[in-house]
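Chain by chain, the residues:
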Amino acid sequence: MPETASLSPAAPASTRRAPASSATGAVAAASPRAAAPARGHRIRSRIGVGPAGGFYPAPHRYQLYLSEGCPRSLRVSITLGLLGLRDSVTTTLLTGPSGTPDARVALRAAYEATWHHYDGPLTAPALCDRWSGRIVSNHTPDILRDLGELPGCRDAGGLPRLHPPSLAADIDTFRAFLDHGLTPDAPPTARSAALGSLDQRLAARTHVLGGELTAADVDLWVALTRLDAEDALSPYGRLRDYVRRLGAHPVFREAAQLV
């Protein structure tokens, strides 16, 4: 299952390159960079101050490009809301092939600022550094983790700890489980087995990894809502209640209306 949703084909040559400006901080094309990465042109820099972090966490520094109807974009949008970041991280939603042309030009400029002569697909979600105009990452799991590094999220009272260190491995394992058995393209037997297992899991807990809301719940809710919920969930009362309960949460409801 791809980590990002590929958007429409590249823009015509007359619109493919946006001029550098102080608003975008685009890197000049004269500065050559390495060839575009393999595996679907994946870009995986990180936010953080540790050895793995190449971009300093600062408010109002980052911009997210999301794609309409994309499950991963929906996960990112929900995460932004749960972490209270909607006012400090700019979000741009890219709609159908003929919609938001200016946003697509800006996104292409960010890719080209990151990789000289970039000719790969534009993918979203994409996290962009507004200071340099470059793409930080288009790898959704990294984006979801790194949003929690931004000011206002770490050790903030009242905000959920979506990626507590003690559950990091469990969240990754659960995400792989969903990607294998709970997608619209999963074999019916695998999907039924996954739904049955999840329904049983919710018999003794309010959230999939215990009593607290985590990133695993965001992943599961999006996966379940992307199925034909009324038919697929009809035998599973606990899962139906779970979808309705989280769907009534203002953040989940708002994100589902936006993306």
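Just so we're clear, the structure is a prediction, and the values are computed from it rather than from any experiment.

Here is what the cut-offs are and how they apply
- Residues numbered from 1 in each chain as written.
- Predicted model: local features only at pLDDT ≥ 70, side-chain atom pairs only at ≥ 80, totals over all residues.
- Heavy atoms only, no water.
- Axes fitted to C-alpha atoms, helices over the stretch in contact; angles between N-to-C directions.
- Helix = DSSP H or I, 4+ residues; strand = E, 2+ residues; numbered from the N terminus.
- Parallel < 35°, antiparallel > 145°, perpendicular 65-115°, else oblique.
- Contact = heavy atoms within 4.5 Å.
- Nonpolar A, V, L, I, M, F, W, Y, C, P; charged D, E, K, R; others polar.
- Pairing = 2+ DSSP bridges.
- Right-handed = clockwise from strand over helix to strand, strands pointing away.
- Polar contact = N/O pair within 3.5 Å; in protein donor to acceptor, adjacent residues only side chain to side chain.

A. Spatial organisation of the packing of helix 2 (residues 71-82) against helix 4 (residues 140-147). Two numbers describe how helix 2 lies on helix 4: the axes approach to 10 Å, and their chain directions differ by 5 degrees. Comparing the axis directions of helix 2 and helix 4 gives the class roughly parallel. For the pair helix 2 and helix 4, the contacting residues are Arg-72, Arg-75, Val-76, Thr-79 and Leu-80 in the first and Thr-140, Ile-143, Leu-144 and Leu-147 in the second. The residue inventory of the contact of helix 2 with helix 4, partitioned by class, reads five nonpolar, two polar and two charged.

B. Spotlight on the pairing of strand 3 (residues 90-94). As defined by bridge partners, strand 2 (residues 62-67) adjoins strand 3 across five bridges and the pair is classed as parallel. Directly across from Tyr-65, in strand 3, lies its bridge partner Thr-92. Following the chain from strand 2 across helix 2 to the adjacent parallel strand 3, one finds a crossover that is right-handed.

C. Inspection of the side chain of Thr-123 at higher detail. Tracing the sequence through the fold places Thr-123 in strand 4 (residues 123-124). Only 2.7 Å separates the side chain of Thr-123 from the side chain of Tyr-111, close enough to count as a polar contact. Among the polar contacts listed, one links the side chain of Thr-123 to the side chain of Asn-138, at a separation of 3.2 Å.

From the geometry alone we can't say anything about function, so treat these as descriptive.
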